[in-house]
Amino acid sequence: MDFEVVGDAEVAVALARADAALDDLIAAVADWDPASGDEAMAWVRAAERLGRRGHALALAVQDRVDRSGVHKGDGHASARVMVRHGANLSKAEALRRQRAVRMGRDLPAVAAAHAEGRLGVPQVERIARVHANSRVADDLALVDAEVARAAVVLPFDEFDAALADWERLTDEDGAGDRAARAAATRDHRMHRGFDGSWRTEGSSPGVAGQAVYDVWQRQVQREWERDWAEARARLGDAATAADLIRTDAQRRHDAHEVCMLRGDLVVDDRNPVPVSARTVTDLVVDQVTFERAVARLFGRDPGPDPRLVTWWDDILDALGPQPDPSQTAADDPAGPAPDGGLSAVGRLVGFRCGTVDGDPLDPTEVAVATLIGQVRRVVSGADGVVLDMGRAVRCFTGARQLAVRLSHRSCVWTGCDVPSSECQCDHLASFNGPTQGRTHPGNGAPACGRHNRMKEQGYDVVRDARGRWHVFRPDGTEIT
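Below: a short report on this structure. Keep in mind the model is a prediction, meaning the values are calculated, not measured.

**Some remarks on the overall build of the chain**
Turning to step 1, where the next piece is worked out: Along the backbone of the chain there are 18 helices and eleven strands.
Turning to step 2, where the next piece is worked out: Restricting the contact set of the chain to residue pairs at least 6 apart, pairs at least 24 apart contribute 66%.
Turning to step 3, where the next piece is worked out: Of the roughly 26700 Å² that the chain leaves accessible, carbon and sulfur atoms contribute 54%.

**Things to note about the nonpolar core**
Turning to step 1, where the next piece is worked out: Grouped together as the largest cluster of nonpolar side chains are 41 residues, with contacts concentrated most on Ile127, Leu140, Phe159, Leu163, Trp166 and Trp312.
Turning to step 2, where the next piece is worked out: Formed by 13 residues, the second largest nonpolar core is a distinct cluster that contains Cys411, Cys416, Cys448 and Val461.

**Thoughts on the packing of aromatic side chains**
Turning to step 1, where the next piece is worked out: A full pass over the atoms with the stated rule returns six aromatic pairs.
Turning to step 2, where the next piece is worked out: Ring centres of Trp224 and Trp228 lie 5.7 Å apart, and the angle between their planes is 10°; on these two criteria the pair is classed as stacked. In this pair, Trp224 and Trp228 are both assigned in helix α11 (residues 206-235), four residues apart and thus about one turn of the helix distant.
Turning to step 3, where the next piece is worked out: The partly exposed category is assigned to Trp224, whose relative accessible area is 33%.
Turning to step 4, where the next piece is worked out: Here Trp228 falls in the partly exposed class, since its relative accessible area comes to 24%.

**Here's the deal with helix α6 (residues 121-131)**
Turning to step 1, where the next piece is worked out: Within α6, nine of the eleven residues are buried, leaving the element largely enclosed by the surrounding structure.
Turning to step 2, where the next piece is worked out: Restricting attention to buried positions, one finds in α6 the residues Val121, Gln123, Val124, Glu125, Arg126, Ile127, Ala128, Val130 and His131.
Turning to step 3, where the next piece is worked out: Contacts from the buried residues of α6 go to α2 (37-68), α4 (91-106), α5 (108-115), α7 (137-142), α8 (144-153) and α9 (156-170).

**Re a positive patch on the surface**
Turning to step 1, where the next piece is worked out: A surface patch of like charges, here positive, comprises Arg80, Arg99, Arg102 and Arg129.
Turning to step 2, where the next piece is worked out: Structurally, the position occupied by Arg99 is in helix α4.

**Some thoughts on the side chain of Arg246**
Turning to step 1, where the next piece is worked out: Structurally, Arg246 can be placed in the loop between α11 and α12 (248-262).
Turning to step 2, where the next piece is worked out: Look at Arg246 and you get buried, because its relative accessible area is 16%.
Turning to step 3, where the next piece is worked out: A distance of 3.0 Å separates a polar atom in the side chain of Arg246 from a polar atom in the side chain of Asp227.
Turning to step 4, where the next piece is worked out: Among the polar contacts listed, one links the side chain of Arg246 to the side chain of Asp254, at a separation of 2.8 Å.

**Comments concerning the pattern of salt bridges**
Turning to step 1, where the next piece is worked out: A full pass over the atoms with the stated rule returns 26 salt bridges.
Turning to step 2, where the next piece is worked out: For Arg67, the salt bridge goes to Asp63, with nearest N and O atoms at 3.1 Å. With Arg67 and Asp63 both in helix α2 and four residues apart, this pair spans about one turn of that helix.
Turning to step 3, where the next piece is worked out: On the accessibility criterion, Asp63 (15% relative accessible area) is buried.
Turning to step 4, where the next piece is worked out: The salt bridge partner of Glu230 is Arg234, with a shortest N-O separation of 2.9 Å. Here Glu230 and its partner Arg234 are both found in helix α11, four residues apart, which amounts to about one turn of the helix.

**Thoughts on helix α14 (residues 311-318)**
Turning to step 1, where the next piece is worked out: Looking at α14, one finds that the buried residues are Trp311, Trp312, Ile315, Leu316 and Ala318. End-on, the buried residues of α14 take up no more than an arc of 160°, which puts them together on one face.

**Some thoughts on the environment of Arg352**
Turning to step 1, where the next piece is worked out: Along the chain, Arg352 falls in the loop between α15 (341-349) and β6 (353-354).
Turning to step 2, where the next piece is worked out: Here Arg352 is in contact with Val284, Val285, Asp286, Asp357, Gly358, Leu406 and Arg409, once residues within four sequence places are set aside.

**Overview of the pairing of strand β2 (residues 198-203)**
Turning to step 1, where the next piece is worked out: Pairing between strand β1 (residues 187-192) and β2: six bridges, direction antiparallel. Of the residues in β2, the one forming a bridge with His188 is Gly202.
Turning to step 2, where the next piece is worked out: Hairpin connection from β1 to β2: five residues lie between these consecutive antiparallel strands, with Gly196 at a positive phi of about 90°.

**Some points on unusual backbone geometry**
Comment: phi is negative for the bulk of residues other than glycine, and the bulk of peptide bonds are trans.
Turning to step 1, where the next piece is worked out: In this structure, Asn88 is a non-glycine residue whose phi angle is positive, near 55°.
Turning to step 2, where the next piece is worked out: The topology assignment puts Asn88 in the loop between α3 (79-87) and α4.
Turning to step 3, where the next piece is worked out: With a relative accessible area of 69%, Asn88 lands in the exposed category.

Analysis parameters
Residues take numbers from 1 onward in each chain, read along the sequence in its written order. In keeping with the model being predicted, local features are shown solely for residues with a pLDDT of at least 70 and side-chain atom pairs are shown and tallied solely at 80 or more, while totals for entire chains, interfaces and linings include all residues. Derived side-chain values reflect all non-hydrogen atoms in the structure, with water molecules and hydrogen atoms excluded from consideration. A run of H or I in DSSP becomes a helix once it reaches four residues, and a run of E becomes a strand once it reaches two; helices and strands are each numbered from the N terminus. In what follows, residue pairs with any heavy atoms lying within 4.5 Å of each other are defined as contacts. The Shrake-Rupley method, run with a 1.4 Å probe, gives the accessible areas here. Residue values count only the displayed protein chains as cover. Among the buried residues, those of types Ala, Val, Leu, Ile, Met, Phe, Trp, Tyr and Cys that are joined through side-chain atoms within 4.5 Å form a nonpolar core. A simple rule labels every residue: compare its accessible area, found with a 1.4 Å probe on the protein chains alone, to the largest value its type can have, and call it buried under 20%, exposed over 50%, or partly exposed in between. Within 6.5 Å between ring centres, the rings of Phe, Tyr and Trp (the latter by its six-membered ring) count as paired, and their orientation is classed by plane angle as stacked under 30 degrees, edge-to-face over 60, tilted in between. Patches were defined on residues exceeding 30% relative accessible area and lacking a salt bridge, with like-charge contacts within 9 Å and nonpolar side-chain contacts (Val, Leu, Ile, Met, Phe, Trp, Tyr) within 5 Å. Any carboxyl oxygen of Asp or Glu that lies within 4 Å of a side-chain nitrogen of Lys or Arg is treated as forming a salt bridge with it. When charges are counted, Lys and Arg contribute as positive and Asp and Glu as negative, whereas His and the chain ends are disregarded. For the purpose of locating charges, the reference atoms are NZ of Lys, CZ of Arg, CG of Asp and CD of Glu. Polar contact criterion, stated in full: a pair of N or O atoms within 3.5 Å, where within protein one must be able to donate a hydrogen and the other to accept it, and residues adjacent in sequence count only if both atoms are side-chain atoms. Each direction from the helix axis to a C-beta atom contributes to the arc, which is the arc of those directions. Two strands qualify as a pair provided that DSSP identifies no fewer than 2 bridges between them.

So this is what it looks like as C-alpha cells:
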C-alpha cells in the first residue's frame with residue numbers, strides 16, 4: 001500500500017514501518033511451533049495487544065474525521081458513513097465504532113487503556129453500549145478511571161456482569177420499564193408452512209421465560225436419558241453419543257411437544273400414569289434488593305441504591321492489589337486476572353438478582369413471582385437452611401448443591417464458561433482424600449464434566465482468601 005497519500009512524510013514512514021513489522025510477525029507465526037501452553041498464551045496476548053492498538057488507531061482516525069467535518073465535502077452524511085465506505089465495514093460495525101468514539105470523548109481513561117493495548121475491543125464496545133444510554137452516561141463518566149481498571153483486570157464475562165448490574169442499579173426505572181415492555185409484548189405464534197409443517201416463535205418476560213425454559217430443559221434431559229438407555233440396551237458398553245437414535249434438534253422438539261401436551265410431568269413409557277414432579281425455578285436475589293422491590297410494590301420510593309457509592313471500589317478491592325495506573329502496555333500484561341473475581345465481588349458489593357447462572361432479572365418481577373409463581377426465592381445469606389452437614393453426606397444434593405452453584409456463575413476452571421446450572425458439584429478437598437473434605441458449600445465448586453474429570457489427573461482447583469479461583473497444573477504451575 002502507498003502510504004504517501006496520508007500527506008505527512010513522517011507519518012507515512014511510520015505507517016510503512018508498522019506494515020513491514022506486521023509482515024515479519026506474520027511470517028514468524030507461519031514457522032512457529034508452540035513449545036508450551038505458557039508460550040502459546042504469550043503469543044496470544046502479544047497479538048491481541050497489537051490488534052487492540054490497531055483498533056484504537058482506527059477509532060482515533062474516525063474521531064478526527066468527525067471533528068474536522070471533511071466528510072461533508074464528499075457528500076457523506078456523517079463520519080460514520082464515510083468510514084463505513086472507506087473501510088468497507090458492515091453497518092453494525094460502523095455503528096459500534098461510532099459509539100466507541102463518542103464514549104472515548106467522555107471516558108479518557110478507558111480510551112487511554114485501549115490505546116495502550118491493555119483494554120480489549122469487546123470491553124470498549126460493551127462500555128460504549130452503556131454510555132449510549134443517556135440516563136447513565138453522565139454517571140459513567142464520573143467513574144471513568146474505576147471502570148477502566150475493572151475492565152482491564154476482570155475477565156470479560158465478569159466485567160460484563162458487573163457493568164450490567166451497575167447500569168441496572170443506576171437506571172432502576174429504565175430496567176423496570178424494559179421488564180414491563182417485555183411483559184406487555186409477550187407473544188407466542190405457530191406458523192403452518194406450505195408443506196404442512198409448523199414453526200414456532202415468540203418472546204417472554206424474564207421470570208416467566210425462565211420458568212418455561214427450566215421445564216423444557218428438564219424434559220430435554222429426560223429425552224436424552226431415554227435415548228442413552230436405548231443405545232446402551234442395544235450396544236452395551238460400546239455405545240457412544242453418536243449412536244443415539246435422535247439428534248439434539250429432534251430431542252429439543254420432542255421435549256417441547258411433551259411439555260405442551262402433557263404438562264410438566266414425568267411420564268414413564270412403561271407406566272402411563274403420570275407422576276407429579278414439578279420443576280422449581282430458582283430466582284436468586286439479595287436481601288437488600290428484595291426489600292427495595294417489595295417497598296416499590298407497596299408504593300414507597302426507597303431512593304438510590306446505597307451500594308452504588310462504592311460499587312467499583314468494592315469490586316477492585318475484592319481483586320486485591322492493582323497495577324500502577326501509570327503503567328503502559330509494555331509493563332502491564334494484556335491478559336485478565338485469574339478467573340473468579342466476582343465470587344468475591346458478589347459478597348462485597350452484595351447485589352444479585354437473576355438466575356442461578358447469573359442471567360439478570362428485574363427485581364420487581366422477581367418479588368411478584370415469589371408470591372404467585374412456581375419459583376423458589378433464594379435470598380443470599382438466609383439462615384433458615386442448614387447447609388453444612390459435615391461428613392454425614394457424600395454428595396452435594398438439594399440445598400448444598402444449590403449453594404455450591406451459587407458460588408460462581410460458571411465452571412470455575414480458567415477460561416471455561418459452561419453455566420453453573422449445567423455443572424457438577426464436587427469437593428475441593430477430596431471426600432476420600434487425606435484431609436477427608438466435608439460436604440459443605442465452602443468445600444465445593446461447580447465444574448463441568450470435562451474439567452471435573454481433569455481434577456482426577458493431578459490438576460488442583462483452589463479458592464483464595466478473596467474468593468478468586470485458581471487452577472494449577474500437575475507440575476504446580478498456574479493456568480493463567
